[in-house]
Amino acid sequence: MNWQYNRGDLVSFTRTRQTEDYNHKIKLTGIVVEQSYRMTKDNVFKIKAEDEYYWIPRPRITLLSKAVNPACK
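Participant: Would you mind going over the side chain of Ser 12 with me for this structure?
Facilitator: Its place among the elements puts Ser 12 in strand β1 (residues 10-18). In contact with Ser 12, other than residues within four places in its own chain, are Lys 27, Leu 28, Thr 29, Arg 60, Ile 61, Thr 62 and Leu 64.

Participant: Help me out: how do you make sense of the packing of aromatic side chains in this one?
Facilitator: Ring pairs (aromatic) are described by centroid distance and by the angle formed between their planes. Summed over all chains, the structure comprises 2 aromatic pairs. Ring geometry for Tyr 5 and Phe 45: centres 5.4 Å apart, planes at 85°, overall edge-to-face. With Tyr 5 in the segment before β1 and Phe 45 in strand β3 (residues 44-49), this pair connects stretches of sequence that are 40 residues apart. Phe 45 carries the same exposure label as Tyr 5, and that label is buried. Stacked on the ring of Tyr 53, the Lys or Arg Lys 46 has its end atom at 4.8 Å from the ring centre.

Participant: What should I look at first to understand the side chain of Asp 9 in this one?
Facilitator: Along the chain, Asp 9 falls in the segment before β1. For Asp 9, a relative accessible area of 0% puts it in the buried group. A distance of 3.3 Å separates polar atoms of two side chains, one belonging to Asp 9 and the other to Lys 66. If sequence neighbours within four positions are ignored, Asp 9 has contacts with Gly 30, Ile 31, Val 32, Leu 63, Ser 65, Lys 66 and Ala 67.

Participant: Please explain unusual backbone geometry as it appears in this structure.
Facilitator: In most cases, non-glycine residues show a negative phi, while peptide bonds are predominantly trans. Positive phi, close to 50°, is recorded for Glu 50, a residue that is not glycine. With respect to the element layout, Glu 50 can be found in the loop between β3 and β4 (52-57). Positive phi values are uncommon outside glycine, yet Asp 51 reaches one of about 60°. Here Asp 51 is to be found in the loop between β3 and β4. Among the residues examined, Asp 51 registers a relative accessible area of 70% and is labelled exposed.

Participant: In this structure, what is going on with the pattern of salt bridges? I would like to understand it.
Facilitator: Side-chain pairs of opposite charge can arise whenever the charged atoms involved come near each other. This model, assessed by the stated rule, comprises 2 salt bridges. Across the pair Lys 66 and Asp 9 runs a salt bridge, and its minimum N-O distance is 3.3 Å. Note that Lys 66 is positioned in the segment after β5 (61-65) and Asp 9 in the segment before β1, a separation of 57 residues in sequence. On the basis of relative accessibility, which here comes to 36%, the residue Lys 66 falls in the partly exposed class. Residue Glu 34 is joined to Lys 46 by a salt bridge in which the shortest nitrogen-to-oxygen separation is 3.9 Å. Residue Glu 34 is found in strand β2 (residues 23-36), and its partner Lys 46 is found in strand β3; the two are separated by 12 residues along the sequence.

Conventions adopted
- Residues numbered from 1 in each chain as written.
- Predicted model: local features only at pLDDT ≥ 70, side-chain atom pairs only at ≥ 80, totals over all residues.
- Heavy atoms only, no water.
- Helix = DSSP H or I, 4+ residues; strand = E, 2+ residues; numbered from the N terminus.
- Contact = heavy atoms within 4.5 Å.
- Phe/Tyr/Trp six-rings, centres within 6.5 Å; stacked < 30°, edge-to-face > 60°.
- Buried < 20%, exposed > 50% of the residue type's maximum accessible area, 1.4 Å probe, protein only.
- Lys NZ or Arg CZ within 6 Å of the ring centre and 35° of its normal.
- Polar contact = N/O pair within 3.5 Å; in protein donor to acceptor, adjacent residues only side chain to side chain.
- Salt bridge = Lys/Arg side-chain N within 4 Å of Asp/Glu carboxyl O.

Given below as C-alpha cells:
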C-alpha cells in the first residue's frame, strides 16, 4: 500500500481547542510516527507535536518535508 505520508515526514495540521465561549484554531507542526488504514474513512496518521500525540485524518494534513533517511520509513 502506498501511503501519502510516511513515518518521519514533517507535516503541519490545525487543531481546534474548544472553550465555553469560542473555538480557537491552533496550527501545529510535527512528525508522522504511525499510520492507520481505515476501510471506511480516510487513513489517519499519528503525529508527534509539542511532546503530544494526535491522530489526524489525511485531508487535514499538509506536507512540509519528506523524510529522506530510509531508517525513518
